[in-house]
Amino acid sequence: MTPGIRVALLALPTTGLVWLTACSAASGDGVWDDGDLDNDDSDLVDTAADVLGGFYLAVEPASEVVSGQTILPRRFGPYLGEGAFPVTIEPAVTVRGSILGEAITPWAVQAVSDGSGGLPTEAGPVAATLTFREGATQAEVVTRSDDAGRFEVPLHPGLLSLTIVPDDPSYPVDVRPISAYEPVVDLTLDIGRGVPIWGRVRDGSGVPIPNAGVTASTLTGVQTSVATTDDAGWYELRVQPGGWRVSTTGPQGGREPTLTTLPMEVGDDGLRVDLAYRAPQRADLTLRVVDSGDRGLEGMSVRLTSRTLDGYALGTAAYGITTTTDSRGYVDARVPDGTYDVTVEPRSEERFGARRLADTALRGETDLGNVMVVGFVDLVARIVDGVDTPLVGAQLLCTETEGLGRTWLARTDDLGVVELSVPRSEMRCTATPPGDRLDLSPLSGVFPDPLAIEELTLEPGTPISGTVTYALAVGASPGRFATVLVLDDDFEVVASGLTDDQGRFDIQAPAAPER
C-alpha cells in the first residue's frame, strides 16, 4: 500500500447494514489506535494523521461480487498529488457469531430503597447494535444481532474495534478489539454484567419524575440504550467501568431541557448519579416572518436551538423546538430562558432563503418583531478556460449551506453562460468542465453571496492516475469499470472517473489543497 494511505468505507446498499464514513484524517477526535497489529497501515498512521491537506480517493466496485468474492467500497487517502496511486482492495471477510450477557434485576435501585440487591441471572442471548470500526480511519460498519444474539457481517480484513450496545439497558455497553484476517471469523462475545449507574430524576420542586428517559455515553460518544425512570423517579443503567456522562430528556414530552452531567469516572462499584431540574423560568417568544414587501409568510419553519440556558452550567443543558408560522406569518413559543439560535427555513418549494439570528437572548416577554427572509435572485455566471474560451456544456451545481440544503443545477449555453435562480444566501458551488475538456479540472468554493459569482475560470489541476486491483484468493484481478471519486478534506466530491478494463484511471482533480 502507498505510504501515508488511510482507508475508510462508503455507502453500500446491504440489507441490515449501515456503512458510515468517518471524520477527516486531520481530526484526532476519538481515534482508536491500532498499534502495530494492522500490517496494512501500522507504520503509516502517524504520518497520515499529521497531514492537513490532500485528497481522498473513494473506490466503488462495479460489482459487489467478483469471482465469487465480495468486494466492498473503500476509501484511501490522503493523496498529495505525487505520482501514480496504486489501489489494492482485498475481498471482504465474514465475521459472525453471537452475543451473551448476564441480565441483572435492578440492583442499585433495590439496594437503596429496601436494602436488598438483585441477582444476576444465567448468561443469555443479547439483542444489540454492533459497530465495527477500522483503526486507521475510524470508518464504521453498523449492523444488528437478532433476538437470539446472532449476527453476520462482511468486513474489510484487519484489526477492528467493536462496540456493542444492547437494546436492553440492563446489559452493559461493551467495546473491544476484534481480529478479522481469516475468510470466516466466528466469535462468541460475552459482555458480562457490567456495573450500575443509577439514581433519581427530580423536577424543579424536588418531586420525582416517572417515565423520564435516561442514557449514559462514553467520552468518545458511545451511548447506551434508554432506561426509563419508575414511579419513584429511579433509573438504572449497566456499563463497563470508565469515563461516562449521564443524560435525561426529562418530563412533559420534551417541554423541559435535556440535562447532561459533566464527565465522571465510574468505578468497579458503579456510581449513583441524580439529575435535577431547576424551578422553571420560561420566555414567551413572538416573531413574524415576512418577505421584502412586509407580507406575512405562512408555513415557514422556525427552529429554536439553545446555546446556553439560564441556571445551568455551560454544556449541561440543551433545549430545542421547531414550530411553524400561522396564516399571518406569526410564531408564538414558550421556551426555557437562555440564549438561542433562531433559524427560519422555508418549505422546500418556497422561493426564499433561510435566515438565522445567532446568540439571541430569550427571557421573559421577548418580541423579535419582523424577521425578513429574502427571495430568490438570478445568478448569471460565465465559465471559461484559462485563455478565456467559453466552455459550452459546463455544469454549475450550487447547494445552500444553511437551511434545507437545497441544490440547483444548470449547464452553460453556447456563450459559456449559465443561469440559476437561487436564494441570496451562502452557497457551495462546483463548476465542472464539459466532457470534451478532460484537460480541465472542476472548481469548487463557498460563496457568501451567489451574486458574487460572475466568472469562473477552469484550469488544469492535479492529474490523479493509478490502478485498482482486487487481491482475490484466485489471484489478482483488475478493478474493471469501478467508480473512483476524488474528495476534499470535507469529503465533498470534487472530481470522478471510471477505471478501464485493466483497472486504470486518470482523473483531473482541482489543484491540490494546501498542507
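Refer to the preceding data block for the structure.
Let us look at the structure shown here. (Residues numbered from 1 in each chain as written. Predicted model: local features only at pLDDT ≥ 70, side-chain atom pairs only at ≥ 80, totals over all residues. Heavy atoms only, no water.)

## Points about the overall build of the chain
Here is step 1: When you go through the chain residue by residue, the secondary structure sums to 2 helices and 44 strands.
Here is step 2: Within the chain, the proportion of its 515 residues that are buried is 50%.
Here is step 3: A separation of at least 24 residues holds for 63% of the contacts in the chain among residues at least 6 apart in sequence. (Helix = DSSP H or I, 4+ residues; strand = E, 2+ residues; numbered from the N terminus. Buried < 20%, exposed > 50% of the residue type's maximum accessible area, 1.4 Å probe, protein only. Contact = heavy atoms within 4.5 Å.)

## What to know about the environment of Thr399
Here is step 1: Summarising the element assignment, Thr399 is placed in strand S34 (residues 395-400).
Here is step 2: A residue is classified by how much of its surface remains accessible, and Thr399, at 24% relative accessible area, is partly exposed.
Here is step 3: Sequence-distant contacts of Thr399, that is, excluding residues within four places in its chain, are made with Gly405, Arg406, Thr407, Glu426, Met427 and Arg428.

## Here we look at the packing of aromatic side chains
Here is step 1: Across all of its chains, the model carries 2 aromatic pairs by this definition.
Here is step 2: Centre to centre, the rings of Phe376 and Trp408 are 5.7 Å apart; their planes meet at 85°, and the pair counts as edge-to-face. Linking Phe376 in strand S33 (residues 376-385) with Trp408 in strand S35 (residues 407-411), this pair joins segments that are 32 residues apart in sequence. The pair formed by Phe376 and Trp408 is uniform in burial state, with each residue classed as buried. (Phe/Tyr/Trp six-rings, centres within 6.5 Å; stacked < 30°, edge-to-face > 60°.)

## Topic: the nonpolar core
Here is step 1: Ranked by internal contacts, the top residues of the largest apolar core, which has 44 residues, are Ile197 and Tyr235.
Here is step 2: Per-element accounting of this core gives the leading share, 4 residues, to strand S25 (residues 282-290).
Here is step 3: Listed in part, the 22 residues of the second largest apolar core include Phe151, Ile178, Ala180 and Val185. (Core = buried A, V, L, I, M, F, W, Y, C linked by side-chain atoms within 4.5 Å.)

## A word on the sheet that holds S25
Here is step 1: Pairing within the open sheet is mixed, and its 3 strands lie in the order S29-S25-S32. The open sheet has two edge strands, strand S29 (330-336) and strand S32 (365-372), and neither has a second partner. Pairs of neighbouring strands in the sheet enclose a mean axial angle of 20°, with direction left out of account.
Here is step 2: The sheet contact formed by S25 and S32 spans 7 bridges and is parallel. In the sheet register, Val290 faces S32, and the bridge partner there is Met372. (Pairing = 2+ DSSP bridges. Axes fitted to C-alpha atoms, helices over the stretch in contact; angles between N-to-C directions.)

## What about the state of the cysteines?
Note on terminology: a disulfide is the covalent bond linking the sulfur atoms of two cysteines.
Here is step 1: The full count for this structure, using the stated rule, is 1 disulfide.
Here is step 2: Put simply, Cys398 and Cys429 are joined by a disulfide, and their sulfur atoms are 2.1 Å apart. As the torsion about the S-S bond is roughly 115°, the Cys398-Cys429 disulfide counts as right-handed. Separated by 31 residues along the polypeptide, Cys398 in strand S34 and Cys429 in strand S37 (residues 427-432) bring together distant segments of the chain. Side by side, Cys398 and Cys429 carry an identical accessibility label, which is buried. (Disulfide = S-S within 2.5 Å.)

## Things to note about the layout of surface pockets
Any space left empty among the atoms is revealed by the rolling of a water-sized probe across them.
Here is step 1: Taken as a whole, the largest pocket spans an internal volume of roughly 660 Å³.
Here is step 2: In terms of lining, the largest pocket is formed by 26 residues, of which the most central are Thr432, Pro442, Val494, Ala495 and Ser496.
Here is step 3: At 5 residues, strand S43 (residues 493-498) tops the list of elements feeding residues into the lining of the largest pocket.
Here is step 4: Here the residues of the lining of the largest pocket sort into 11 nonpolar, 10 polar and 5 charged. (1 Å grid on protein atoms, 1.4 Å probe; cavity = no way out; pocket = protein on both sides within 12 Å on 5 of 7 lines; lining within 4 Å. Points joined across faces, edges and corners; volume = space filled by probe spheres on them. Nonpolar A, V, L, I, M, F, W, Y, C, P; charged D, E, K, R; others polar.)

## What to know about the sheet that holds strand S38 (residues 443-447)
In a beta sheet, neighbouring strands pair by backbone hydrogen bonds and run either parallel or antiparallel.
Here is step 1: Pairing within the open sheet is antiparallel, and its 4 strands lie in the order S35-S34-S37-S38. Sheet topology places S35 and S38 at the edges, where each strand pairs with a single neighbour. Going from strand to strand, the sheet's axes swing by 15° on average, the running direction of each strand aside.
Here is step 2: Direction of pairing for S37 relative to S38: antiparallel, over a ladder of 5 bridges. Bridge pairing in S38 places Arg428 opposite Val446.

## Focus: the pattern of salt bridges
Here is step 1: Under the defined criterion, the tally for this structure stands at 25 salt bridges.
Here is step 2: Ionic pairing is found between Asp186 and Arg96, a salt bridge with its closest N-O pair at 2.5 Å. Of this pair, Asp186 sits in strand S15 (residues 184-190) while Arg96 sits in strand S8 (residues 93-104), placing them 90 residues apart in sequence.
Here is step 3: Its relative accessible area of 53% is what places Asp186 among the exposed residues. (Salt bridge = Lys/Arg side-chain N within 4 Å of Asp/Glu carboxyl O.)

## Things to note about the side chain of Thr163
Here is step 1: Note on placement: Thr163 falls in strand S13 (residues 158-166).
Here is step 2: When its relative accessible area of 4% is taken as the criterion, Thr163 is described as buried.
Here is step 3: Apart from residues no more than four positions distant in its own chain, Thr163 is found in contact with Thr129, Leu130, Thr131, Arg133, Val173, Asp174, Val175 and Val222.

## With respect to the environment of Phe481
Here is step 1: Looking at the secondary structure, you find Phe481 in the loop between strand S41 (475-478) and strand S42 (483-487).
Here is step 2: Taking relative accessible area as the criterion, Phe481 reaches 49% and is therefore assigned partly exposed.
Here is step 3: The residues contacting Phe481, other than those within four sequence positions of it, are Ala62, Leu498, Thr499, Asp500 and Asp501.

## Re a negative patch on the surface
Here is step 1: Judged by side-chain charge, Glu298, Asp326, Asp332 and Asp367 come together as a negatively charged surface patch.
Here is step 2: Its place among the elements puts Asp332 in strand S29.
Here is step 3: Of the residues examined, Asp332 reaches a relative accessible area of 56% and is grouped as exposed. (Patch = residues over 30% accessible without salt bridge, like charges linked within 9 Å, V, L, I, M, F, W, Y side chains within 5 Å. Areas by Shrake-Rupley, 256 points an atom, 1.4 Å probe, with all protein chains shown as cover. Lys, Arg positive; Asp, Glu negative; His and termini not counted. Charge placed at Lys NZ, Arg CZ, Asp CG, Glu CD.)

## As for unusual backbone geometry
Here is step 1: The phi torsion at Ser67 lies on the positive side, around 50°, for a residue other than glycine.
Here is step 2: Relative to the assigned elements, Ser67 resides in the loop between strand S4 (65-66) and strand S5 (69-70).
Here is step 3: For Ser67, a relative accessible area of 52% corresponds to the exposed category.
Here is step 4: We note that Asp388 has phi near 70°; this positive angle belongs to a residue other than glycine.

## A short note on the pairing of strand S10 (residues 128-134)
Here is step 1: Counting buried positions along S10 yields 6 of 7 residues, so the element is predominantly enclosed.
Here is step 2: Where S10 lies against S13, 7 bridges are found, and the strand directions are antiparallel. By the bridge assignment for S13, Thr131 is matched with Thr163.
Here is step 3: In this sheet, strand S11 (residues 140-144) lies alongside S10 in antiparallel orientation, the contact comprising 5 bridges. In the strand pairing of S11, Arg133 is matched with Glu140.

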